[in-house]
Amino acid sequence: MTELSAGSHWVISESGERWYQAVCRFAKHGRIERVGIYSTAAIIAKSNFFSSATIVIWELPSDARHCIDFLDVVASVRQASPATIQVASLPVGASTTWKIAAQQAGAQILLDDLACLPRLVDSLSFDQARTTATATIQL
Amino acid sequence: MSVPRQAESSSPSRTLARLLDASIELVWVFDASQRVAWINRPAAQWLGAEPSGLIGRQCIASSTSSDPLDQVAAAIAPPAALGVGVLRTLDVSPPGVAPMSIAYLRIGEGETSFMVAFSTPAPATAASDSEFAESQRLRERIHQWRKRDAAWGGIVTAGSSKLAKRLRGQVQLATTNRHDFSVVGPVGCGAELIARRIHAITATPIQSPGRTSERLDVDPLIAIDGPLMDAELLEASLSPAAAHLGRETDSPIEPQLTLLIRGLDETPLDVQQRIEQFLTEYPEQIRFVGLLAQAVDEATKKQLIADAIAARLSVLTLNVAPLADRIDDVPLMAAALVDARHAGTSGSAERLNRAALDRLTLYPWPGNFDELDAAIRQAMTVCKSAAILPEHLPLAIRSYQPAEPGKSKTAPVETNLDQALESLELKMIRAAVAASDGNRSEAARRLGISRARLIRRLDESPES
């Protein structure tokens, strides 16, 4: 396993830019891309998305209807690109149901706040072929 | 029942109008045909219109009138088909006015019905609910930390990171005995706070003659700024320590104290030797604590610490990591600082909102814990409400924008100052020579340097 390096690709989907700034601050290398929820599917279609080590951060909205839309996309990313690490940031006070739903949809990691990101960055590692990524942290 | 004439004419409608005009909230009322029946002063001010200009005006959202007041009326029109007793909130943005969240409520049915509109922090409520949940979560973490770990080093050691846990373990170890120890950490890391905390835990009470309470005084801690010391100043600084250690007591235990040297690795060696001599004069009575910016071994290798002092400090070292390496502890530390200051009535703020916490998390903290403490102190002074917002934080923190990896915001800087200066000098000399048509004496005069220097620089240039 190799450490996270310049080949990694961060894809962030959020309403503001807090996660984007946090990734800029804590991820020392890699490409960062901000996308809208509905253009994420288009990015998945790109072949390089599969070949590089990708981490997608989803900021899930508090509104249930929109949250379901998000989880739908999370599930399609999971299906199309199982190697991609999907990180979900749930709204504060989100119920356990939502947490389970996010995990079932395909989000491997749930982050509470920005301060958890450095630990995630430190713990990410990819296999040599960069087709599988693992996060070895308990947040 | 007779009612006084004046009271009959002035109350209760005037009292109500006065009350609503004095409110900071915006309030207005529509009659059954959606005409403005009444509007309070803050609402009229927000809309930039006179109440008389709006009262009686019909408010229809689809109005195409070019009259500015009609446009304002259209902007504040109630939502269509609003049911009785249903409260609906809309973001209302009249032309040229900051948008506001307005709640509309229909009361009654038919021709006697009316609608009340009032400003509400409704969208903010959802946010504040989640912020409240976040602050509650932090409060719980503070409570847990207080219960379990607060004794070991105070707020500097708060947090759940590995570094914080390791530091608490080291502090705990230091409190189990009276060995000398060193605290190694960057400037502003809170090393002295930790040392003082350990001293406070381990210091023994002084039993003075005539004192009934044993806990009134404890052994003192004497702190000395090592880098500022010369022989004379050091003697003056050590004299209170000598006076304390040499005094007579009824107690069988000899007087003790903690001697803390700030910036030990920057302290002149002769001063360190005198300190060592002082420590030898009072064996067993002094606990020696050195604060360093680099590890004792490293400082010894660089001959920044006298060997005898290094030997004393080699037993126990507490490592305080830069705050930038403990970012996941920052929210808890900040919340604990706010809590402590609020409890000490140093401000009305009792929590940080999420945006402020985000700013604190993103900032790289070059000034470490002291900078965080100063930032919270400033925020508590500026903030007059319950929650600290980003605008209450110091400018450097709230305006910090991390750059994308690999994309530096500023142009690369020459790292070698001498090379940069030489390059600039040569560039100016060449320009001056060119401007003087190759006349080197004239070029030297123009530059205000000697001809010899000019020639030497040109000869030394790589092109020559």
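Residues numbered from 1 in each chain as written. Chains lettered and ligands numbered in written order. Predicted model: local features only at pLDDT ≥ 70, side-chain atom pairs only at ≥ 80, totals over all residues. Heavy atoms only, no water.

## Thoughts on the interface of chain B and chain A
Basically, it comes down to this: Contacts are assigned to residue pairs that have any heavy atoms within 4.5 Å of one another. A simple way to read buried area is as the amount of 1.4 Å-probe accessible surface that goes missing from two parts once joined, with both sides added. A side-chain nitrogen of Lys or Arg and a carboxyl oxygen of Asp or Glu constitute a salt bridge if their distance falls within 4 Å. N or O atoms closer than or at 3.5 Å make up a polar contact, with two conditions inside protein: a donor-capable atom paired with an acceptor-capable one, and, for residues adjacent in sequence, both atoms drawn from side chains.
Counting from both sides, the interface comprises 21 residues of chain B and, opposite them, 22 residues of chain A. Carbon and sulfur atoms supply 53% of the area that chain B and chain A bury against each other, a total of about 1,800 Å² over both sides. The largest share of the area that chain B buries against chain A comes from L362, E404 and P405 of chain B, three residues that together contribute 30% of it. For the pair chain B and chain A, the number of links is 2 salt bridges. Put simply, D358 of chain B and R18 of chain A hold a salt bridge, and the shortest N to O gap is 2.5 Å. Inspection of the region where chain B meets chain A yields 6 residue pairs in polar contact (both at pLDDT 80 or more).

## Here we look at the pattern of salt bridges
Residues and elements named next belong to chain B. Selection rule: Every helix listed is a DSSP run of H or I at least four residues long, and every strand listed is a run of E at least two residues long, numbered separately from the N terminus. Under the scheme applied here, a residue whose accessible area is under 20% of the maximum for its type counts as buried, over 50% as exposed, and between as partly exposed, the area being computed with a 1.4 Å probe on protein chains only.
Under the defined criterion, the tally for this structure stands at 26 salt bridges over all chains. The closest approach of N and O atoms between R168 and D149, which form a salt bridge, is 3.5 Å. Note that R168 is positioned in helix α7 (residues 162-174) and D149 in the loop between α6 (122-148) and α7, a separation of 19 residues in sequence. Assigned by exposure class, R168 and D149 land together as buried. Put simply, R445 and E442 hold a salt bridge, and the shortest N to O gap is 2.9 Å. On the criterion of helical spacing, the pair formed by R445 and E442 is a turn pair, its members being 3 residues apart in helix α18 (residues 440-447). E442 sits in the partly exposed class, given a relative accessible area of 22%.

## Let's talk about the packing of aromatic side chains
Residue and element names in this part refer to chain B. Short version of the rule: Classification of ring pairs rests on two measures: the distance between centres of Phe, Tyr or Trp rings, Trp counted by its six-membered ring, which must be within 6.5 Å, and the angle between planes, read as stacked under 30 degrees, edge-to-face over 60 and tilted in between.
By the definition in use, this model includes 6 aromatic pairs over all chains. Between F30 and Y104 the ring centres are 6.3 Å apart and the planes differ by 25°, which places this aromatic pair in the stacked class. One end of the pair, F30, is in strand β1 (residues 27-30); the other, Y104, is in strand β4 (residues 100-107), and 74 residues separate them in sequence.

## Observations concerning the layout of surface pockets
Keep this limit in mind: Here a cavity denotes grid points, spaced 1 Å and computed from the protein atoms alone, that fit a 1.4 Å probe unable to get out, and a pocket denotes an open set having protein on both sides within 12 Å along at least 5 of 7 lines; residues with an atom within 4 Å of a point are the lining. Grid points are joined across faces, edges and corners, and a volume is the space filled by probe spheres set on the points. Each residue gets one label: Ala, Val, Leu, Ile, Met, Phe, Trp, Tyr, Cys and Pro are nonpolar, Asp, Glu, Lys and Arg are charged, and the others, such as Gly, are polar.
Each pocket or cavity is described by its volume, and for the second largest pocket that value is around 420 Å³. Those elements giving two or more residues to the lining of the second largest pocket turn out to be α1 (18-26) and α6 (117-123) of chain A together with α7 of chain B. Top element by residues in the lining of the second largest pocket is α6 of chain A. It accounts for 4 residues. Taken together, the residues of the lining of the second largest pocket sort by class into 6 nonpolar, 2 polar and 9 charged.

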